[in-house]
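Residue-level listing of the chains:
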Amino acid sequence: MEGDFIHIKIHHGGSFSMEGPLTYDGGEVSIFRDCDSERISYFRLVRMAKDVGFKDGDELYYTIPECSLDEGIDLLHDDNSVLKMLNFAKKNNLAEIYVKHKGHESNLVNQRSGTGNKEKLPEERSPESVSRNFHKILDAVLKLWRVLLKKPRPIPANCTDGRWTWFKNCLGALDGTYIEVHVPKVDKPRFRSRKKEVATNVLGVCAPDMQFIYVLPGWEGSAHDGRVLRDALSRPNGLRIPRGCYYLVDAGYKNCEGFLAPYRSQRYHLNDWTNPPNTKEELFNMKHSAARNTIERTFGLLKMRWGIIRNPSYYPFDTQNTKSKRSKLTSKKRDKRTWTAEEEKLLIDILHQMNDSSWKVDTGHKSGYLTYIEKEMAKVLPHADLKADPHIKSKVKILKKQLSYVLEIMQNGSGFGWDDEMKMVVGDRDTYMGWAKSREGAGPLYMKPMVNFDKLCEVYASDLAQGGSAKGPGEQEVAEDESPVHAEPTSEPNKKNVAQAQDNTNPSGSSRQGRKRTYLDDEAAELGLVSVSNTLAKFLEAEQENAKTMSGLQQALFHEAEVHEQTSANRTKLLDILQNLEDLTDEEVVMAVRVIGRDAGQTELFLKMRDKYQVVFVRQELEAAKK
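Bear in mind the structure is a predicted one, so any value in this text is a computation, not a measurement. (Residues numbered from 1 in each chain as written. Predicted model: local features only at pLDDT ≥ 70, side-chain atom pairs only at ≥ 80, totals over all residues. Heavy atoms only, no water.)

Before going further, it helps to examine the pattern of salt bridges. As a working rule, side chains carrying opposite charge can pair if their charged atoms are close by. The final tally for this structure, using the stated rule, is 17 salt bridges. A salt bridge links D209 to K150, with the shortest nitrogen-to-oxygen separation between them at 2.4 Å. On the criterion of sequence distance, the pair formed by D209 in the loop between β9 (199-206) and β10 (212-220) and K150 in the loop between α5 (145-148) and β8 (170-180) is long-range, its members being 59 residues apart. Across the pair K345 and D349 runs a salt bridge, and its minimum N-O distance is 3.0 Å. Highlighted residues: K345 and D349, both in helix α10 (residues 341-354), separated by four residues, approximately one helical turn. Given the relative accessible area of 42%, K345 is considered partly exposed. (Salt bridge = Lys/Arg side-chain N within 4 Å of Asp/Glu carboxyl O. Helix = DSSP H or I, 4+ residues; strand = E, 2+ residues; numbered from the N terminus. Buried < 20%, exposed > 50% of the residue type's maximum accessible area, 1.4 Å probe, protein only.)

Along the chain, D389 connects to P390 via a cis peptide bond; the corresponding omega equals 20°. You can see P390 is positioned in helix α12 (residues 388-412). Unusually for a residue other than glycine, N169 sits at a positive phi of about 70°. As for its placement among the helices and strands, N169 is situated in the loop between α5 and β8. One non-glycine residue, M447, lies in positive phi territory at about 55°. Take M447: it is sitting in the loop between α13 (429-436) and α14 (453-460). Of the residues examined, M447 reaches a relative accessible area of 43% and is grouped as partly exposed.

Let us look at the sheet that holds strand β7 (residues 94-100). A sheet is described by the order of its strands in space; here five strands give the open sequence β4-β1-β7-β5-β6, paired in mixed fashion. Edge positions in the sheet fall to β4 (28-36) and β6 (73-76), since each has one partner strand and no second. Pairs of neighbouring strands in the sheet enclose a mean axial angle of 30°, with direction left out of account. In this sheet, β6 lies alongside strand β5 (residues 59-63) in antiparallel orientation, the contact comprising four bridges. Bridge pairing links Y61 to L75 in β6. (Pairing = 2+ DSSP bridges. Axes fitted to C-alpha atoms, helices over the stretch in contact; angles between N-to-C directions.)

Structurally, the α-helix is built with 3.6 residues per turn, so residues lying three or four positions apart point the same way. All buried positions along α13 are accounted for by Y432, W435 and A436. With its buried residues spanning 95° around the axis, α13 presents them on a single face. Backbone nitrogen of D430 and a side-chain oxygen of the N-cap are separated by 3.5 Å at the start of α13; the cap is D428. (Arc of directions from axis to C-beta. Polar contact = N/O pair within 3.5 Å; in protein donor to acceptor, adjacent residues only side chain to side chain.)

We now examine the pairing of β7. Side chains on a regular strand alternate between the two faces of the sheet. Along β7, five of the seven residues are buried, which leaves the element largely enclosed by surrounding structure. Note that β5 and β7 share four bridges and pair antiparallel. Bridge assignment links Y61 to a residue of β7, and that residue is Y98.

Taken over all residues, the pLDDT of the chain has a mean of 76, while the share at 70 or more is 78%. Every residue in residues 105-124 is under pLDDT 50, and counting partners more than four places away or in other chains gives 13 contacts. Segment residues 331-335 is flagged for pLDDT under 50; beyond a separation of four residues in sequence, or across chains, it makes 13 contacts in the model. (pLDDT = per-residue confidence, 0-100. Contact = heavy atoms within 4.5 Å.)

Turning next to the packing of aromatic side chains. A complete count under the given rule lists 16 aromatic pairs for this structure. Ring geometry for F416 against Y432: centres 5.3 Å apart, planes inclined by 85°, an arrangement best described as edge-to-face. A residue pair is termed long-range when its members are at least 10 positions apart, and F416 in strand β15 (residues 416-419) and Y432 in helix α13 qualify at 16 residues. Relative to F453, the ring of W418 has its centre 4.6 Å away and its plane inclined at 45°; by these criteria the two rings are tilted. Highlighted residues: W418 in strand β15 and F453 in helix α14, separated in sequence by 35 residues. Judged by its relative accessible area of 14%, W418 falls in the buried class. Looking at F453, the relative accessible area reads 3%, which means it is buried. Taken together, Y405, F416, Y432, W435 and Y446 form an aromatic cluster joined through their ring pairs. Sitting above the plane of the W306 ring, R305 keeps its charged end 4.7 Å from the centroid. (Phe/Tyr/Trp six-rings, centres within 6.5 Å; stacked < 30°, edge-to-face > 60°. Lys NZ or Arg CZ within 6 Å of the ring centre and 35° of its normal.)

Structure representation (structure tokens):
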């Protein structure tokens, strides 16, 4: 961090909203610039927050960079939490803090339960009921371990991943990580790790795509990694390694059958490779470290996602151990894959081809179409490793959502719109981002070309809701026999009828009166029809003028298209003739095409010349171009 100075951005005066994704609505933003990170403490942050409206009872939260509020927000409550915030802030020299004002909790409750609802809210249920049902959910998730944990697959000989192509038949990497816990004082020595932390030693095994294969939580922090691994191998449902396969491990494990460790007393960690390797052992260690680093990155992402394993929890150790295991199991469901432009184009092309086949029905696509797409994509991109679920299923969902946003913009965009020529959303960025704030995933569409938009429309536009038949207040068509007419009756018979209608009450004595009928005055009706007729006449005249204008534009466009087509044809003829002229070199042919072809008149003149004049014409044009 340059100069150890950071900027602190404090959001205050608003409130958190839990309707959908977590957001901070309303309020203001204050920025404190060039704060010395070494002098920042929790109490100093509180004093800074008090300058912008922080009061006793309020709470401070910080966000993790590149994460949404749902995934990366944590409470500031002491100096340790401030240090963690500063570590995250080093990347961008910016710390972002949100003030949760006291008294806003009830508003959040009302938003989720409905205003005016005085029944007992979920937050008011007894802690025993919440805890009992919460543990039932945890137990149910743990029973899904066969579904959530990935089955290992060895690295094939034709692997194209630069990190793993050197390790044929490798299944992945494994390592241990420490998760801090609260335990009774008498148990702290057993849980004290070599890093002097009270923690549990958790063994994790992951595949090259960062999905967990096996997890063993619960060992005390003082246990050696090798001991935890031996326990995992000896359990009935423990870690199993097929013959001929192996996992990458660090130097803390033995180099034996099923486990490949690096050379000892040699450079190993990625930070050590500022200079290239000098020996074969160092080269091996460099490749080994690049591949085995996958498990380190997996642990890092896991701890960023789940706050309960970043900091010591107030839960009892047995409960947190269960929750920690659940977090690792469900992390498979949150695995994200970045699609390349080639993969996305291939997916849309296959969907477009299926549009005219038996796969397409009035409710969308038939069951099993995702598996069909997976097989078709594997034929073209065999090493992409795209699966029907979750990769293709998730991408199709995103494409449909993006298409629905574009269709909505085309109908109701204000201050921004859809450029059909460039195939992107254009306009005022701030206005668009304000509109996209309430639409998940709409923000990245701004100024990003959707090159496959037309095909995507043919596939899904008819399946998406567009709101074409929706009408709001004041837009409804009222039936004529249900519309009261407020014209004042002028003739005597009309007055008589009105009087009879007023006297015609319910015989049962009820205050409810019969339906009234009123009549239009003939003169008023005639004047109304004349006014409508004049309006229609003016409208028809305007339409005729518009038709003439459009006809002229259409003719101009047709003429421009004909000229462009003729010019392209002439340039093609020009190239063919120049290639057949024996007196010109290849360089002169290329230059002549560029010089003569840029002017349609020059091209036509050249085509009309005889052969003996064409060479002279070309040389004169080339000499003029050089000057």
